[in-house]
Amino acid sequence: MAADGAPIAVIQTQRMGDLILTYPLLLWLARRYPSHPVTVVAEPDFAAPLAPISPPAGYLPLARGVELSRREHFAVVNLSIRPEAAALAGSIPAATRLGPVADAAGVVRVGGDWQLYRASVVHNNRHNRFHWAELNALDLIPVADMAATSWPAPRAGGPDRRHVGVFVGASERDKRPSREFLAGLVRELARRGLVPVLLGGPGEVELGAEVARRAGIPVSNLCGKLGLKELALFGQELSLLVTPDTGPMHLAAWTGLRTLNISVGPVSAYETGPYQPGHCVLRPRMSCRGCWGCVRGRPYCRERLDPARVAYVAMRLARGEAGRLAGAAVPGYELLDSARDALGLYCLRPLRPQEGLDARDATGMFWRAVFGWLLGAWDEGPARAAWGALAADHPHLGAHLARGLASLAATLRRDARAHVVPDTRFALGFSPCLRPLAGFFERVLQNGDGGAPSRLRCLALLERVAALVSHA
């Protein structure tokens, strides 16, 4: 391992929201490894204006990343999916390389168990319950450090803070509510004595103008008029931001502006919802919620949003009356707030009382507890408790999962005899409740070219899970 003073390189060349979700990692690195300066390779269009609110770090554009290869590093963490980022990660001398790393021949492998897990939930995230901000960090940062982090509560609203931001854009069309809904929301907010302000980037100028026109009332439209720095400053004057899952949502949450996240389209609030505690998430009560990409003709999850009911929720938050939302209902949707669980990790807590977890969420919490145990984040206790809850509340699902483990073991042994390296269809051959483990094995085997060490590792992990299920 490199000596004290050796730097840490973090490569994050994705969009604005991805960069801001890297900030918790930067904060934890500064606390855990104070003698190792951190350099972040990021897009300058995002990094430069956001630098004043970033944890301590130096920033470089990808075009200058080669400068990092001239010095031995303590660690390299590549959080980007771009081929150039993997090549850069492979060129920087370091004993620890995490995330996609390309070797001299251009072959890309994923370093780090948690980065491998993160890769395994791409298009396979139905039961993932780890937030992206934590998956960025778990290979280097203990859960205890995350649990010990105290996040300031979002600024409370009040009767003298009536301005509410409505962000109209998102990186994908299906992630944003419809124009009709946004226009109706503007009218309903105004009817409740609030002052809505339309916000958006340069790409939302036309959209903002259309929403303002459809609203049919005077409304401030600042779409395309504020840069990132100005948006962060303007947010200090707002009581709330109503927003899809988008970069400005993470900017608001990081800077203490309470958000109401309208979580629709191909996005999972468990993975990319507002990370700090005290924000609200409104998401569809549909079996396909949290998808990676919609396979239907249109995203039905957007269609049942009710402007009046959403405006009621926004009004309570803007007035600082979040406590009065217990039991609030939006037909077809569930209202949750971002919180921390008993382990100190991100969770979504329903604001409407409910008895136990449904089968999907119980399965998700089981696999989160299991992977935390298998990958060394905690001991067996949480996994045993999660299995006990799942088996007690959903006995048929528990029995199905137990039988599926035997099928997965047989498939692994058959493929080993045939020297088969699984392709991306491997996990799809198993039922959804087994795909978290099958998907992880798929990536482990691909990462190890199907060699004996990777197969033995999969079988050893499977044996541990099977023992847990059979002896609980």
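Everything in this summary refers to the structure shown in the same document. (Residues numbered from 1 in each chain as written. Predicted model: local features only at pLDDT ≥ 70, side-chain atom pairs only at ≥ 80, totals over all residues. Heavy atoms only, no water.)

A word on the environment of Cys291
Relative to the helices and strands, Cys291 resides in the loop between strand S12 (280-284) and helix H13 (307-318). Along the primary structure Cys291 and Arg126 are separated by 165 residues, whereas in three dimensions their C-alpha atoms are 6.7 Å apart. Ignoring any residue separated from it by four or fewer positions in sequence, one finds Cys291 in contact with Asn125, Gly265, Pro266 and Val267. (Helix = DSSP H or I, 4+ residues; strand = E, 2+ residues; numbered from the N terminus. Contact = heavy atoms within 4.5 Å.)

Points about the side chain of Asp415
With respect to the helices, strands and loops of the structure, Asp415 is situated in helix H16 (residues 395-417). With near-sequence residues (within four places) excluded, Asp415 lies in contact with Val420, Phe426 and Arg455.

Description of the pairing of strand S8 (residues 195-199)
Strand residues, when the strand is regular, have side chains that alternate between the two faces of the sheet. Most of S8 sits out of view: four of its five residues are buried. Summarising the sheet, strand S7 (residues 163-167) and S8 pair through five bridges and their orientation is parallel. Bridging across to S8, His163 finds its partner in Val195. Chirality of the crossover, the property in question, places the unit of S7, helix H8 (residues 179-191) and S8 among those that are right-handed. As paired strands, S8 and strand S9 (residues 220-221) are joined by two bridges and run parallel to one another. In the sheet register, Val197 faces S9, and the bridge partner there is Ser220. The parallel pair S8 and S9 is bridged by helix H9 (residues 205-215), and the resulting crossover is right-handed. (Buried < 20%, exposed > 50% of the residue type's maximum accessible area, 1.4 Å probe, protein only. Pairing = 2+ DSSP bridges. Right-handed = clockwise from strand over helix to strand, strands pointing away.)

Observations regarding the packing of aromatic side chains
Applying the stated criterion across every chain yields a total of 17 aromatic pairs. Both rings, one in Tyr275 and one in Tyr346, keep their centres 6.0 Å apart while their planes meet at 20 degrees; by these two values the pair is stacked. With Tyr275 in the loop between helix H12 (269-272) and S12 and Tyr346 in strand S14 (residues 346-350), the pair connects residues that are 71 residues apart, well separated along the chain. Of the two residues, Tyr275 and Tyr346, neither departs from the other in class, the shared state being buried. Through a chain of ring-to-ring contacts, three or more aromatic side chains come together here, namely Trp114, Tyr117, Phe130, Phe366, Trp367, Phe371, Trp378, Trp387 and Phe440. One residue, Arg368, lies across the ring of Phe130, its end atom 5.9 Å from the ring centre. (Phe/Tyr/Trp six-rings, centres within 6.5 Å; stacked < 30°, edge-to-face > 60°. Lys NZ or Arg CZ within 6 Å of the ring centre and 35° of its normal.)

Focus on the pattern of salt bridges
Under the definition given, this model contains 28 salt bridges. For the salt bridge of Glu321 with Arg316, the shortest nitrogen-to-oxygen distance reads 2.5 Å. Judged by its relative accessible area of 22%, Glu321 falls in the partly exposed class. For Asp423, the salt bridge is made with Arg425, and the minimal N-O distance between the two is 2.5 Å. Relative accessible area serves as the criterion here: at 33%, Asp423 is assigned to the partly exposed category. (Salt bridge = Lys/Arg side-chain N within 4 Å of Asp/Glu carboxyl O.)

Describing the sheet that holds strand S1 (residues 8-11)
The mixed open sheet is built from six strands, whose spatial order is S3-S2-S1-S4-S5-S6. At either margin of the open sheet sits one strand with a lone partner, and together these are strand S3 (58-60) and strand S6 (108-111). Taking each pair of neighbouring strands and ignoring which way they run, the sheet shows an average axis angle of 25 degrees. Of the strands in this sheet, strand S4 (75-78), strand S5 (97-102) and S6 are in contact with helix H5 (residues 113-120), which crosses S6 at around 120 degrees. (Axes fitted to C-alpha atoms, helices over the stretch in contact; angles between N-to-C directions.)

Here we look at the sheet that holds S12
One open sheet holds the eight strands; their spatial order is S9-S8-S7-S10-S11-S12-S13-S14, and the pairing between them is mixed. In the strand order of this sheet, the two ends are held by S9 and S14, each with one partner. Relative to strand S13 (residues 333-340), S12 is paired through five bridges, and the arrangement is antiparallel. If you follow Pro284 over to S13, its bridge partner there is Tyr333. Seen against the sheet, H13 touches S7, strand S10 (240-243), strand S11 (259-262), S12 and S13 and runs at an angle of roughly 160 degrees to S11.

Regarding the nonpolar core
Of all hydrophobic cores here, the largest spans 97 residues; its most connected members are Val10, Phe366 and Leu437. Ranked by the residues each element gives to this core, the list is headed by helix H14 (residues 359-374), at eight residues. Excluding residues that lie within four positions of it along the chain, Leu437 makes contacts with Trp367, Phe371, Leu374, Leu405, Leu408, Leu462 and Val465. Val164, Leu194, Leu260 and Val310 belong to the second largest nonpolar core, which has 40 residues in total. (Core = buried A, V, L, I, M, F, W, Y, C linked by side-chain atoms within 4.5 Å.)

Comments concerning the packing of H8 against H9
Two elements in contact, H8 and H9, have axes separated by 8 Å at closest approach and are oriented at 55 degrees. When the axes of H8 and H9 are compared, the pair comes out oblique. Like other packed secondary-structure pairs, H8 and H9 cross with a definite hand, here right-handed. From H8, Arg179, Glu180, Leu182, Ala183, Val186 and Arg187 reach across to H9, where they touch Glu206, Leu207, Glu210, Val211, Arg214 and Ala215. (Parallel < 35°, antiparallel > 145°, perpendicular 65-115°, else oblique. Left-handed = near helix turned anticlockwise from the far one by under 90°.)

Focus: H16
For H16, spanning 23 residues, the distance from its first C-alpha to its last is 34 Å, which sits close to the expected 33 Å at 1.5 Å a residue. Of the residues one or two after H16, His419 is the one with positive phi, at around 55 degrees. (Expected span 1.5 Å × (residues − 1).)

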